[in-house]
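Residues per chain are reported as follows:
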Amino acid sequence: MPALPVRNADGSALLSFERLAEADLAGLDPSVPLTASLVVLRHGDTCLMVFNRFRQLWELPGGMIDPGETPLVAAVRELEEESAQRPDKLDLAGVARVTCAPDDRHEFLAIYRGCVDTPLPFVPNTEMSDATWWHPARELRALTPIDAALAHLCPAQ
């Protein structure tokens, strides 16, 4: 398991990861916003990573929670938008606490996990130019350290 904190090149950091149930999201520190949902999606012993065409980095699929959305609904929506994958089920693996560069803003991220037996084909979109099924024991050039750490912290169910 990765030693925390884990830092990305831009200075953002993964400070902690806490396993909890969906119902426990309401008990998070209210002074730290829950802003986004990420998905650790497995196929066998690999994990889905998408290539962000703007940041030029491999990362976990996911993104901002829109007003009125639950973290789970955001995870499902972002996963489908960014990768076309639709697993039967996503479960909350836990919550990551991060600091976001450059303003050192603290946020919570809901981390979901799921698996697919037969991945759907990836279709490039406005945000993601590629996808790969990454084996966590292998190097993936331009993979964000925080997302790699989250993949390690959320093993298959």
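A short tour of the structure in this document, coming up.

**Here's the deal with the pairing of strand 8 (residues 105-115)**
Step number 1: Judged from the 8 bridges that link them, strand 3 (residues 34-43) and strand 8 form a sheet pairing that is parallel. Bridge assignment links S37 to a residue of strand 8, and that residue is A110.
Step number 2: Relative to strand 8, strand 7 (residues 91-100) runs antiparallel, the two being bridged by 9 bridges. When the sheet's bridge partners are listed, D91 is paired in strand 8 with R113.
Step number 3: Linkage of strand 7 to strand 8, two consecutive antiparallel strands, is achieved through a turn of 4 residues, within which D104 is found at a positive phi near 60 degrees.

**Thoughts on the environment of D88**
Step number 1: Structurally, D88 can be placed in the loop between helix 1 (71-83) and strand 7.
Step number 2: D88 sits in the exposed class, given a relative accessible area of 85%.
Step number 3: As a C-alpha pair, D88 and V32 span 56 residues in sequence and 31 Å in three-dimensional space.

**Digging into helix 2 (residues 145-153)**
Step number 1: Extensive coverage of helix 2 is indicated by the burial of 7 of its 9 residues.
Step number 2: Where helix 2 is concerned, the buried positions are I146, D147, A148, A149, L150, A151 and L153.

**What about the packing of aromatic side chains?**
Step number 1: The final tally for this structure, using the stated rule, is 1 aromatic pair.
Step number 2: Ring centres of F51 and W58 lie 5.1 Å apart, and the angle between their planes is 65 degrees; on these two criteria the pair is classed as edge-to-face. Like F51, the residue W58 is buried in the burial classification.

Parameters and conventions
Residues numbered from 1 in each chain as written. Predicted model: local features only at pLDDT ≥ 70, side-chain atom pairs only at ≥ 80, totals over all residues. Heavy atoms only, no water. Pairing = 2+ DSSP bridges. Helix = DSSP H or I, 4+ residues; strand = E, 2+ residues; numbered from the N terminus. Buried < 20%, exposed > 50% of the residue type's maximum accessible area, 1.4 Å probe, protein only. Phe/Tyr/Trp six-rings, centres within 6.5 Å; stacked < 30°, edge-to-face > 60°.

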